[in-house]
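# Working through the structure, step by step
Each chain, written out:
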Amino acid sequence: TWTDSYPYAAISVYALHPQYLSIDNLEFKLSKKSEKEYLAKKSDLNSLNLIDYEQVILGKWKYVTEIFNENKEAILKDRNFKKFLKDNEEWLLPYSAFCVQRDKYKTPNFNDWKTHKKYIAGKVAPFFSPKNKEYETAMLHAWVQYQLHLQLKDAIDYTHQLGISVKGDLPIGIYRHSVEAWTEPELFGMDFQAGAPPDQFTDLGQNWGFPTYNWEAMKADGYKWWKNRFKALEQYFDAMRIDHILGFFRIWRMPISATQG
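Attention here is on the structure that accompanies the text. (Residues numbered from 1 in each chain as written. Predicted model: local features only at pLDDT ≥ 70, side-chain atom pairs only at ≥ 80, totals over all residues. Heavy atoms only, no water.)

### A few points about the pattern of salt bridges
Tallying each qualifying case throughout the model produces twelve salt bridges. Lys-32 is the salt-bridge partner of Glu-35, the closest N and O atoms lying 3.7 Å from each other. In this pair, Glu-35 and Lys-32 both sit in helix α1 (residues 32–46), three residues apart, roughly one turn of the helix. Close ionic contact of Asp-169 with Arg-241 constitutes a salt bridge, the shortest N to O distance being 2.4 Å. Within this pair, whereas Asp-169 is found in strand β1 (residues 167–171), its partner Arg-241 is found in strand β6 (residues 239–243), the two being separated by 72 residues in sequence. (Salt bridge = Lys/Arg side-chain N within 4 Å of Asp/Glu carboxyl O. Helix = DSSP H or I, 4+ residues; strand = E, 2+ residues; numbered from the N terminus.)

What follows is the structure, encoded as structure tokens:
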């Protein structure tokens, strides 16, 4: 729903949002039959004063699914796509499995799923076997990420040719119902939520809702989680703004039961 457009509730720190996918610039084109309908829908949505988040995401997902289904044989054999899968499997496979589960149970809150509430790599691996009934859906999510990567890279290369640098934005916290919270809960204080105490701006303080970090656990493997995250962002951005950088040194936390800061 429109509430999912909240930018700090990303379900992955790696994945790009399908909302930004350009249907016109996919590696495969829409069928002639669907093209007319697509252009009419695009024209209607572009004429609005405000972006209709729900209609845009529904529309794009409908057409990208259609393109994937019509060209899946070529897509699944594509050497470049296979290389992208291999290079990014550490985050891309859990992400694709998460999306399948989220859509199946209509919620990103994995605590409410009937299956795979707890992430076990070996039990999620079958999603990526061609014999599995979830295989094509999981591959669709992975392919959408591949197309988004190509499109963003293309835009970044273009801005670099103009002599322009691009700065990215990195929120300090992660969403409580995200792939990262699902796959590596030990790295986070899932029993806590971050926020701010009362101050001159707000009498009740602030509750941001996201879990805090378990810095001791992160330190144990040389902060691999953070290094991987920056390495992924480095493909696109020349500089990063961290919102908010103080969170690396000091963060206020409250119990999960609290509603106010």
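### A look at the sheet that holds strand β4 (residues 206–207)
One open sheet holds the three strands; their spatial order is β4-β3-β7, and the pairing between them is antiparallel. The open sheet has two edge strands, β4 and β7 (252–255), and neither has a second partner. Bridge analysis of strand β3 (residues 192–196) against β4 gives two bridges, and the strand direction is antiparallel. Looking across to β4, one finds that Ala-196 is bridged to Gln-206. (Pairing = 2+ DSSP bridges.)

### Considerations on unusual backbone geometry
Note the cis peptide between Asp-243 and His-244, where omega equals -5 degrees. As for its placement among the helices and strands, His-244 is situated in the loop between β6 and β7. In this model, Lys-106 sits at a positive phi of 60 degrees, which is unusual for a non-glycine residue. Checked against the element boundaries, Lys-106 lands in the loop between α4 (89–105) and α5 (121–124).

### A look at the side chain of Glu-180
In this structure, Glu-180 sits in helix α7 (residues 179–183). This buried residue, Glu-180, is left without a salt bridge; Arg-229 holds the nearest opposite charge, at 7.5 Å. Sequence-distant contacts of Glu-180, defined by excluding residues within four places in its chain, comprise Ile-11, Ser-12, Val-13, Tyr-14, Ile-174, Pro-185, Phe-188 and Trp-225. (Buried < 20%, exposed > 50% of the residue type's maximum accessible area, 1.4 Å probe, protein only. Lys, Arg positive; Asp, Glu negative; His and termini not counted. Contact = heavy atoms within 4.5 Å.)

### A few points about the pairing of β3
Burial within β3 is extensive, with four of its five residues counted as buried. Relative to β7, β3 runs antiparallel, the two sharing four bridges. Its bridge partner lying in β7, Ala-194 is registered against Arg-253.

### Topic: the nonpolar core
Of all hydrophobic cores here, the largest spans 56 residues; its most connected members are Ile-23, Phe-81, Tyr-95, Trp-143, Tyr-213 and Trp-225. Of all the secondary structure elements, the ones that give two or more residues to this core are α2 (53–77), α3 (79–87), α4, α6 (135–161), α7 and α9 (224–234). Residue contacts for Trp-225: discarding those within four places in its chain leaves Val-13, Tyr-14, Ile-174, Glu-180, Glu-184, Leu-187, Phe-188, Tyr-213 and Met-218. (Core = buried A, V, L, I, M, F, W, Y, C linked by side-chain atoms within 4.5 Å.)

### Quick notes on the packing of aromatic side chains
Inspection of every chain in the model, using the stated rule, returns 26 aromatic pairs. Ring geometry for Tyr-213 and Trp-226: centres 5.4 Å apart, planes at 55 degrees, overall tilted. Here Tyr-213, found in strand β5 (residues 212–213), pairs with Trp-226, found in helix α9; they are 13 residues apart in sequence, far enough to count as distant. Take Trp-226: its relative accessible area is 5%, and that puts it in the buried class. An aromatic cluster is built from Phe-188, Tyr-213, Trp-215, Tyr-223, Trp-225, Trp-226, Phe-230 and Phe-248, whose rings are joined through pairwise contacts. Its end group placed over the ring of Phe-192, Arg-253 keeps NZ or CZ at 3.7 Å from the ring centre. (Phe/Tyr/Trp six-rings, centres within 6.5 Å; stacked < 30°, edge-to-face > 60°. Lys NZ or Arg CZ within 6 Å of the ring centre and 35° of its normal.)

### Some thoughts on the packing of α2 against α3
Two elements in contact, α2 and α3, have axes whose closest approach is 5 Å; the angle formed by their N-to-C orientations is 65 degrees. Residue-level contacts link Ile-75, Leu-76 and Lys-77 of α2 to Arg-79, Phe-81 and Lys-82 of α3. Split into classes, the residues belonging to the contact of α2 with α3 amount to three nonpolar, no polar and three charged. (Axes fitted to C-alpha atoms, helices over the stretch in contact; angles between N-to-C directions. Nonpolar A, V, L, I, M, F, W, Y, C, P; charged D, E, K, R; others polar.)

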